[in-house]
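The primary structure of each chain is shown beneath.
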Number of protein chains: 2
Amino acid sequence: MQVGDIYVSAPGKAILHGEHAVVHGKVALAVSLNLRTYLRLNTSNDGKVCINLPNIDTFLSWDLSELKKLIPYMSKREEAKRLDAELLRRLREFLDISNGSLDTCNMAILAFLYIYLSLFRSSELPSLKVSVWSELPTGAGLGSSAAYSVCLAAALLSVSGATPAPLKEWDHTARWCQEDLELINSWAFQGEMIIHGNPSGVDNAVGTWGGMLRFLAGKIIPLSRVPLLRILLTNTKVPRSTKVLVARVKDKINKFPSIMTPVLDSVDAISCTCEKVLSEMTSEPITGEHYNILEELIDINQHHLNVMGVGHPTLDTLCRVTLAKGLHSKLTGAGGGGCGITLLRPETDSSVVQTTAQDLKDCGFDCWETSIGGPGVQQHSPLSVKEEVLEILNGY
Amino acid sequence: MQVGDIYVSAPGKAILHGEHAVVHGKVALAVSLNLRTYLRLNTSNDGKVCINLPNIDTFLSWDLSELKKLIPYMSKREEAKRLDAELLRRLREFLDISNGSLDTCNMAILAFLYIYLSLFRSSELPSLKVSVWSELPTGAGLGSSAAYSVCLAAALLSVSGATPAPLKEWDHTARWCQEDLELINSWAFQGEMIIHGNPSGVDNAVGTWGGMLRFLAGKIIPLSRVPLLRILLTNTKVPRSTKVLVARVKDKINKFPSIMTPVLDSVDAISCTCEKVLSEMTSEPITGEHYNILEELIDINQHHLNVMGVGHPTLDTLCRVTLAKGLHSKLTGAGGGGCGITLLRPETDSSVVQTTAQDLKDCGFDCWETSIGGPGVQQHSPLSVKEEVLEILNGY
């Protein structure tokens, strides 16, 4: 077991193109969103396991002696492919969580203890403290639970020695090797299964690998190189049910198959065209025309999403407000409210960005200037963690 | 030659679905728009031919003796399929109209004298007075020139005795028989050729037959029965060039063929679905669901037209303002400004219609409550012509 402090972070996720169409066998492009979840893990000698989740006002600790009692119920297995149902049942009992509960706090704790116990099962359970702070809004379809699971997996695997912590003394940040990322991703997927029941695996893959992923018929293919794109991420804060929206699209396809099937084909072509343009942007000099095309694709897809019936007046407002500044926006994810992304061009002046963000906030939205296509899970030296995040993580 | 007063009217035209897509081999649905052009023709003995077009401040008259001098230059023909180039050249000379001129007044006069001379060529030229008044805005893509040509053809053919005037003593309005409508349409098409150069023939066909026409690859098929639909017709008054907009769509298809081709397919399916629903509405009891579908088709097509790049902020405003009253709108015709239609449901209260129209007028738009799918060219008894129209027509 490695001793000391470990800082890790993982990005959120946005769908650049192909939301909803992906349910009907079309390509979707998922990108890392550089609103990150940060985790600090420090080992201790106090015989306790503590977790602090200030975003959701959750601060818990357990004596190691209590947790040790759960170990005999764990099934013997090496692979992290399927959940250990017996361990999960015992953990629910231990935490007094009813079977159908999807409460965020409960699911976060359950995922933590499950990964912790599973990784240290064959060795002595270590005394440690984990604090997690996220820049991501929760429940907004931005992969906050996956970023949390990825951070947990990366930190706990590193402490267990299964995937050596990659940070060298002189580094600010460091990434794990491909093989270790696979292991981190598989454990993060377990966390997602606990939290979501039936996740696609896209969110944890984006949190692990970063950049952009092509998602098609359940297959996830990380794309080798993509440019970093500046965006505004806007949360309309209109709550929506992904399930209801997915059903709405399906109903519309069933009602108007001859009208809707070509729309899905067009969305598929948008994703493929976008992938091609982004790839070109890494292999040739980036021009204004690259950005023009990205903007056109955003506009077209936003119209198609409206055709699918997953638009919302607040999203129309987002598009109108940003277009007034010459910026192009689309919803990202399920739609029907939720979040939208606005592409910023390299030449977009920071004063334009500021006033646009303010205009959006004046509409009652949350708005962040961030980027997509950045790195996946990283280990940090404390120096490379933003001051305000460090303060929060070290405050417990 | 029949003597006395003749009142005729012909409707304008709106594209219900398929504008722009029709240029790329897809179906378009053209419907009659019940903003009508009214014509009064009365024969006289003063040896003059007069035309009064108060919409465009045009009031002209000629001595029969002058017009008779043009007859020797007319080619001998029975069929009204191709323009008589020599007559046209002489008429331009007579009226002092340069060859490239597309001035509305000039074209209207040219079309009138051409049809008048062509129809009476073999007989004595009659002394008569024609007054035309239209509810249609001109140059707004609503078929005002075709409605004018149809009225001219119907009235002059009736006076010449070629197509007996259908109105019986006890009738308020009457329609010509199918064979006579064919003749009216063919002469109206000549008028359109003079005014527009290379018309599709859709506008004069709608003005002649009314109801709805299916237009595909140059073929025009009148649909047997369609319901009358109440609408608001809004003119944003933003000027646009059809040529530029058609070129813009073509460029976009060339730039993104894999994305745009399915959009055209979807528009085609919208037209076909709409045609089916309208046909059902004449053969089975009309339900709210019929209107729901018509509204959904309008919304989807409006998004597709935006994808094609022929939307405009004023059209977005139109859609937003009407949607705030639960009403659905789309652009009609070339887009990029111009006109839009808003479907009214049978149960839409007249107070809602009034306030919506007022809201649109407050945006700076012109707005009319009218209907689509109504009758084509009609002969009227004076009693069946609206008071205010009668006053205008009889004022000259």
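Quantities reported herein were computed from a predicted structural model and do not represent experimental measurements.

A. Examining the environment of I115 of chain B more closely. All names here are of chain B. In this fold, I115 is placed in helix α3 (residues 104–120). As a C-alpha pair, I115 and L157 span 42 residues in sequence and 9.2 Å in three-dimensional space. Not counting residues within four places of it along the chain, the set of residues in contact with I115 comprises L152, L156, W187 and G191.

B. Quick peek at the UniProt feature "domain: GHMP kinase C-terminal" (unreviewed entry) in chain A. Per the UniProt annotation, the sites labelled "domain: GHMP kinase C-terminal" (unreviewed entry) are residues 293–352 of chain A. Structurally, residues 293–352 of chain A comprises 48% helix and 17% strand, and the distance from its first C-alpha atom to its last is 21 Å.

C. A look at the environment of W62 of chain B. Along the chain, W62 of chain B turns up in strand β4 (residues 58–63). Sequence-wise, W62 of chain B and K48 of chain B are 14 residues apart; in three dimensions their C-alpha atoms are separated by 5.6 Å.

D. Quick peek at the relation of the copies chain B and chain A. Each copy of the sequence occupies a distinct position, and chain B is placed on chain A by a rotation of 179 degrees and an axial shift of 0.0 Å, giving an RMSD of 0.1 Å. Look at the turn and shift together and you get a two-fold axis relating the two. Minimal C-alpha distance to the rotation axis in chain B is attained by P262 of chain B, lying at 2.3 Å. When the interface residues of chain B are mapped onto chain A, 100% of them are again interface residues, pointing to one common binding face.

E. Structural context of the interface of chain B and chain A. Taken together, the contacts link 22 residues of chain B with 23 residues of chain A. Together, the buried faces of chain B and chain A total about 1,900 Å²; carbon and sulfur atoms form 71% of this surface. Here K255 of chain B and E296 of chain A are joined by a salt bridge, their closest N and O atoms 2.5 Å apart. Counting every contact that joins chain B to chain A gives seven residue pairs in polar contact (both at pLDDT 80 or more). Those elements that place two or more of their residues in the side of chain B that touches chain A are α7 (242–255), α8 (257–283) and α9 (288–307) of chain B. Class assignment of the residues belonging to the side of chain B that touches chain A gives a composition of ten nonpolar, six polar and six charged.

F. Seen up close, the side chain of H303 of chain B. With respect to the secondary-structure elements, H303 of chain B resides in helix α9. If we ignore the near neighbours within four places in the chain, the residues touching H303 of chain B are H303, N306 and V307 of chain A.

G. Seen up close, the confidence of the model for chain A. For chain A, per-residue confidence averages 94 on the pLDDT scale, and 97% of positions sit at 70 or higher. Interface scoring of the predicted complex returns ipTM 0.91; its pTM is 0.92.

H. Highlighting the domain arrangement of chain A. Residues and elements named next belong to chain A. Here the domain parsing of chain A yields domain 1 (5–225 + 374–393) and domain 2 (229–372). Here the C-alpha centre of domain 2 lies 28 Å away from the C-alpha centre of domain 1. Tallying the contact residues gives 30 residues for domain 1 and 37 residues for domain 2. For the pairing of domain 1 and domain 2, the buried interface totals around 2,700 Å² over both sides, and the portion due to carbon and sulfur atoms is 64%. At the junction of domain 1 and domain 2, the tally comes to three salt bridges. The salt bridge partner of E19 is K330, with a shortest N-O separation of 3.0 Å. At the junction of domain 1 with domain 2, the criterion picks out 14 residue pairs in polar contact (both at pLDDT 80 or more). Of all elements in the fold, only β1 (5–17), β2 (28–43) and β7 (212–216) reach the threshold of two or more residues within the side of domain 1 that touches domain 2. Top element by residues in the side of domain 1 that touches domain 2 is β2. It accounts for seven residues. Grouping the amino acids of the side of domain 1 that touches domain 2 by side-chain chemistry returns 16 nonpolar, nine polar and five charged.

I. Region of interest: the pairing of strand β9 (residues 229–235) of chain A. Residue and element names in this part refer to chain A. Burial runs high along β9: six of the seven residues are buried. Here five bridges tie β9 to strand β11 (residues 339–343), and the two strands are oriented antiparallel to one another. Within the sheet, the bridge partner assigned to T234 lies in β11 and is G340.

J. How the structure looks around the nonpolar core. Ranked by size, the top nonpolar core spans 122 residues in total, and within it F112 and Y116 of chain B carry the most contacts. The residues touching Y116 of chain B, leaving out its near neighbours within four places in the chain, are V49, L64, L67, L125, P126, L128 and L156 of chain B. Of all hydrophobic cores here, the second largest spans 121 residues; its members include L39, Y114 and V150 of chain A together with V263 of chain B.

K. Focus on the side chain of K330 of chain B. Residues and elements named next belong to chain B. Along the chain, K330 falls in strand β10 (residues 328–332). There is a polar contact of 2.9 Å between the side chain of K330 and the backbone oxygen of L16. Dropping the residues within four chain positions of it, K330 is found in contact with I15, L16, H17, E19, I298, N301, Q302, L305, G340 and I341.

L. Local environment of unusual backbone geometry. Look at A217 of chain B: it is not a glycine, yet its phi comes out positive at around 50 degrees. Considering the arrangement of structural elements, one finds A217 of chain B in the loop between β7 (212–216) and β8 (219–222).

M. Spatial organisation of the packing of aromatic side chains. Residue and element names in this part refer to chain A. According to the stated counting rule, one finds six aromatic pairs over all chains in the structure shown. Ring geometry for Y116 and F120: centres 5.4 Å apart, planes at 50 degrees, overall tilted. Remark: F120 and Y116 occur in helix α3 (residues 104–120); sequence separation between them is four residues, near one turn of the helix. In this structure, Y116 and F120 share a single accessibility class: buried. An aromatic cluster of at least three residues, connected via ring pairs, comprises F112, Y116 and F120.

N. Expanded view of the state of the cysteines. Residue and element names in this part refer to chain B. If you walk through the whole model with that rule in mind, you get zero disulfides over all chains. C105 supplies the cysteine sulfur nearest to C151, a cysteine that is in no disulfide, at a spacing of 18 Å. The thiol of C319 is unpaired, and the distance to the nearest cysteine sulfur, on C363, comes to 12 Å. Given a relative accessible area of 19%, C319 falls into the buried group.

O. Quick peek at the pairing of strand β9 (residues 229–235) of chain B. Looking at chain direction, β9 of chain B and strand β12 (residues 366–372) of chain B are connected through seven bridges and run antiparallel. Each bridged residue has a counterpart across the sheet, and for L232 of chain B the counterpart in β12 of chain B is E369 of chain B.

P. Representation of the environment of N55 of chain B within the structure. Residue and element names in this part refer to chain B. Locating N55 in the fold gives a position in the loop between β3 (48–53) and β4. The partly exposed category is assigned to N55, whose relative accessible area is 34%. Residues N55 and F215 lie 160 residues apart in sequence; the distance between their C-alpha atoms is 30 Å. If we skip the residues at most four places from it in the chain, N55 touches V132, W133 and S134. Of the polar contacts made by the side chain of N55, one reaches the backbone nitrogen of S134; its length is 2.9 Å.

Q. Representation of the pattern of salt bridges in the model. Throughout the structure, instances matching the rule amount to 36 salt bridges over all chains. E86 of chain A is the partner of R89 of chain A in a salt bridge, and the nearest nitrogen-oxygen pair spans 3.3 Å. You can see R89 of chain A and its partner E86 of chain A sitting in helix α2 (residues 85–95), three residues apart, about one turn around the helix. Exposure remark for E86 of chain A: the relative accessible area of 29% places this residue in the partly exposed category. Its salt-bridge partner being E289 of chain B, residue K255 of chain A comes within 3.1 Å of it at the nearest N-O pair. You can see K255 of chain A sitting in helix α7 (residues 242–255) and its partner E289 of chain B sitting in helix α9, one on each of two chains. Assessed through its relative accessible area of 37%, E289 of chain B is described here as partly exposed. Through salt bridges with shared partners, a single ionic network connects E86, R89, R90 and E93 of chain A.

Rules and cut-offs
- Residues numbered from 1 in each chain as written.
- Chains lettered and ligands numbered in written order.
- Predicted model: local features only at pLDDT ≥ 70, side-chain atom pairs only at ≥ 80, totals over all residues.
- Heavy atoms only, no water.
- Helix = DSSP H or I, 4+ residues; strand = E, 2+ residues; numbered from the N terminus.
- Contact = heavy atoms within 4.5 Å.
- UniProt positions renumbered as here; feature names shortened; annotations may be inferred.
- Least-squares fit on C-alpha atoms with pLDDT ≥ 70 in both.
- Buried area = accessible area lost by both parts, 1.4 Å probe.
- Salt bridge = Lys/Arg side-chain N within 4 Å of Asp/Glu carboxyl O.
- Polar contact = N/O pair within 3.5 Å; in protein donor to acceptor, adjacent residues only side chain to side chain.
- Nonpolar A, V, L, I, M, F, W, Y, C, P; charged D, E, K, R; others polar.
- pLDDT = per-residue confidence, 0-100.
- Domains from an automatic or database assignment.
- Buried < 20%, exposed > 50% of the residue type's maximum accessible area, 1.4 Å probe, protein only.
- Pairing = 2+ DSSP bridges.
- Core = buried A, V, L, I, M, F, W, Y, C linked by side-chain atoms within 4.5 Å.
- Phe/Tyr/Trp six-rings, centres within 6.5 Å; stacked < 30°, edge-to-face > 60°.
- Disulfide = S-S within 2.5 Å.

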